[in-house]
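# Structure at a glance
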Amino acid sequence: MIGVFDSGIGGLTIVRELVAKLPEYQILYFGDTARTPYGTKSPETIITYALEDTEFLLAHGAKLIVVACHSASSVAMEVLRDRFPHLPIFEVVTPSVEKALLVTKKKVIGVIGTRATINSKIYERLVRLRDPEVKVYGQACPLLVPLVEEGWLRKPETRSIVKKCLIPLKMRGIDTLVLGCTHYPVLKKIIAAKAGRRVRLVDPAEEVALSVRRFLEDHPDYARHLKHNGDPLVYVSDLTEAFQRVARLFMGRNIQLKRYAGPPFG
Ligand code: DGL
């Protein structure tokens, strides 16, 4: 199975794209709803959680991992790759950086995300390695996660908070904006409207699904070992009616969440 983990259910935006681009493979998802959010926590805590989430997926049959959480992708990849050296692990930052570099004409890229993601400066580092002439500006937008989870998608308050988040980036003259958080693709229309016509959005969900697809096409032997077909299996470490409702929002359709509260999550 393709194992996907996130701090909660926002990572279903990634599952949705994986299902669209790789419908033949079974997906196993783990959302750590009991310990969400990750984006406000320290790198050390996020790393511990990311290791535990990966262990859960491996113990339940995953053979390839997608880190859907941007906060975990930003701070935990070195440790994850060290701990599981033979496991193909995908994350959401690198494919978005590569796409942003293809798209930007003015060589000025903006990134919005949680505090953990923006403070990690991972986008700046990865861009500098590929093209030192490109400028990257990050902006933490911590209020957007709870607004999305409350379903405030069309409220004027949400529009005005999005607008406020983007002002510093627009002042820098960005022409490309990376949606560096699982929740932001749900707000794509508002973000696009407030960013303005001249700013191209990069949706990491699409980019990571494409990179997993390319990997499986290039490694048919590997692909053969993955389980085929079946609806995604979605586990969460805490389950409430609200999570079930929000899952529909992220996935675009009803999806049954199952609770896993064994150690270390229970
Ligand atoms: N999944 C997180 C991310 O993409 C957002 C929610 C959280 O802070 O846990 O960074």
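Residues numbered from 1 in each chain as written. Predicted model: local features only at pLDDT ≥ 70, side-chain atom pairs only at ≥ 80, totals over all residues. Heavy atoms only, no water.

## Brief notes about helix H2 (residues 43-59)
We count it as follows: Secondary structure elements follow DSSP: runs of H or I of four or more residues count as helices, runs of E of two or more count as strands, with numbering from the N terminus. Each helix should span, by expectation, one fewer than its residue count multiplied by 1.5 Å. Throughout this description, buried means an accessible area under 20% of the type-specific maximum (1.4 Å probe, protein chains only), exposed means over 50%, and partly exposed covers the range between.
Compared with an ideal rise of 1.5 Å per residue, which puts 17 residues at 24 Å, H2 spans 24 Å between its outermost C-alpha atoms and is within 8% of the ideal. Taken together, the buried positions of H2 are Ile 46, Ile 47, Tyr 49, Ala 50, Leu 51, Asp 53, Thr 54, Phe 56 and Leu 57. Gly 61 sits one or two positions beyond H2 and adopts a positive phi of about 105°.

## Thoughts on the site of the ligand
Going by this rule: When we say a residue is near a molecule or strand, we mean one of its heavy atoms is within 4 Å of it. The term polar contact refers here to a pair of N or O atoms within 3.5 Å; inside protein, the definition further demands a hydrogen-donor-capable atom paired with an acceptor-capable atom, and it admits residues adjacent in sequence only when both atoms are side-chain atoms. Reported accessibility uses the Shrake-Rupley method at a 1.4 Å probe radius. Residues are deemed covered only where the shown protein chains occlude them. As a working rule, the residues Ala, Val, Leu, Ile, Met, Phe, Trp, Tyr, Cys and Pro are called nonpolar, Asp, Glu, Lys and Arg charged, and the rest polar, with Gly in that last group.
Taken together, the neighbourhood of the ligand is formed by 13 residues, with Asp 6, Ser 7, Tyr 38, Gly 39 and Ser 71 sitting nearest. Take Tyr 38: an N or O atom from its main chain is 2.7 Å from an oxygen atom of the ligand. Between the ligand and Thr 182 there is a distance of 2.9 Å, counted from a nitrogen atom to a side-chain nitrogen or oxygen. When the ligand sits alone it has 300 Å² of accessible area, and the protein chains cover 98% of it. By residue class, the composition of the shell around the ligand is four nonpolar, eight polar and one charged.

## Re the sheet that holds strand E7 (residues 176-180)
For sheets, the rule is that strands pair by backbone hydrogen bonds, running either parallel or antiparallel. Here is the rule: For two strands to be treated as a pair, DSSP must find at least two bridges joining them. Every angle, taken between N-to-C directions, lies between 0 and 180 degrees, and every axis is a line fitted to C-alpha atoms, over only the stretch in contact when it is a helix. Note on contacts: a residue pair is in contact if any heavy atoms of the two residues lie within 4.5 Å.
If you walk across this open sheet you meet the four strands as E6-E5-E7-E8, and the pairing is parallel. With partners counted over all chains shown, the strands left at the sheet margins are strand E6 (135-140) and strand E8 (200-202), one partner each. Pairwise comparison of adjacent strand axes, ignoring direction, gives a mean angle of 25° for this sheet. Pairing between E7 and E8: three bridges, direction parallel. Note on E8: the bridge partner recorded for Val 178 is Val 202. On the sheet, helix H5 (residues 93-103) packs against strand E5 (108-113), E7 and E8 and is oriented at approximately 160° with respect to E8.

## Considering the packing of helix H9 (residues 156-171) against helix H10 (residues 188-195)
How we decide: Angular relationships are summarised with four words: roughly parallel below 35 degrees, roughly antiparallel beyond 145, roughly perpendicular across 65 to 115, and oblique for the angles in between. Each crossing is labelled by how the near helix is turned from the far one, with a counterclockwise turn of less than a right angle marking it left-handed and a clockwise turn marking it right-handed.
One way to put it is that H9 packs onto H10 with a least axis distance of 9 Å and a crossing angle of 45°. The angle between H9 and H10 falls in the class oblique. As H9 packs across H10, the resulting crossing turns out to be right-handed. Residues Thr 158, Arg 159, Val 162, Lys 163, Leu 166 and Lys 170 of H9 pack against Ile 190, Ile 191, Lys 194 and Ala 195 of H10. Considered class by class, the residues forming the contact of H9 with H10 number five nonpolar, one polar and four charged.

## What to know about the environment of Thr 40
Among the structural elements, Thr 40 can be located in the loop between strand E2 (27-31) and H2. Given a relative accessible area of 58%, Thr 40 falls into the exposed group.

## Some remarks on unusual backbone geometry
Cis geometry is adopted by the peptide bond preceding Pro 37, which originates at Thr 36 and carries an omega value of 0°. Following the sequence through the fold, Pro 37 ends up in the loop between E2 and H2. The amide bond that connects Pro 263 to the next residue, Pro 264, takes the cis arrangement and shows omega of 0°. Mapped onto the elements of the fold, Pro 264 is located in the segment after strand E10 (257-259). Even without a glycine there, the phi angle at Lys 107 is positive, about 60°. Checked against the element boundaries, Lys 107 lands in the loop between H5 and E5.

## Brief notes about helix H13 (residues 241-251)
Residues three or four positions apart in an α-helix share a direction because the helix packs 3.6 residues into each turn. What counts here: Along the arc lie the directions from the helix axis toward the C-beta atoms.
Within H13 the residues assigned to the buried category are Phe 243, Val 246, Ala 247, Phe 250 and Met 251. Angularly, the buried residues of H13 cover 130° about the axis, an arc narrow enough to put them on a single face. Next to the buried residues of H13 lie helix H1 (12-21), helix H8 (144-149) and E10.

## Let's talk about the state of the cysteines
The criterion, for reference: Disulfide assignment relies on a single distance test, namely cysteine sulfur atoms paired within 2.5 Å.
Counted by the stated rule, this structure contains zero disulfides. Sulfur of Cys 141: no disulfide; nearest cysteine sulfur belongs to Cys 165 and is 3.0 Å away. A relative accessible area of 1% means that Cys 141 is categorised as buried. Cys 69 supplies the cysteine sulfur nearest to Cys 181, a cysteine that is in no disulfide, at a spacing of 7.7 Å.

All we've got here are geometric facts, nothing functional implied.
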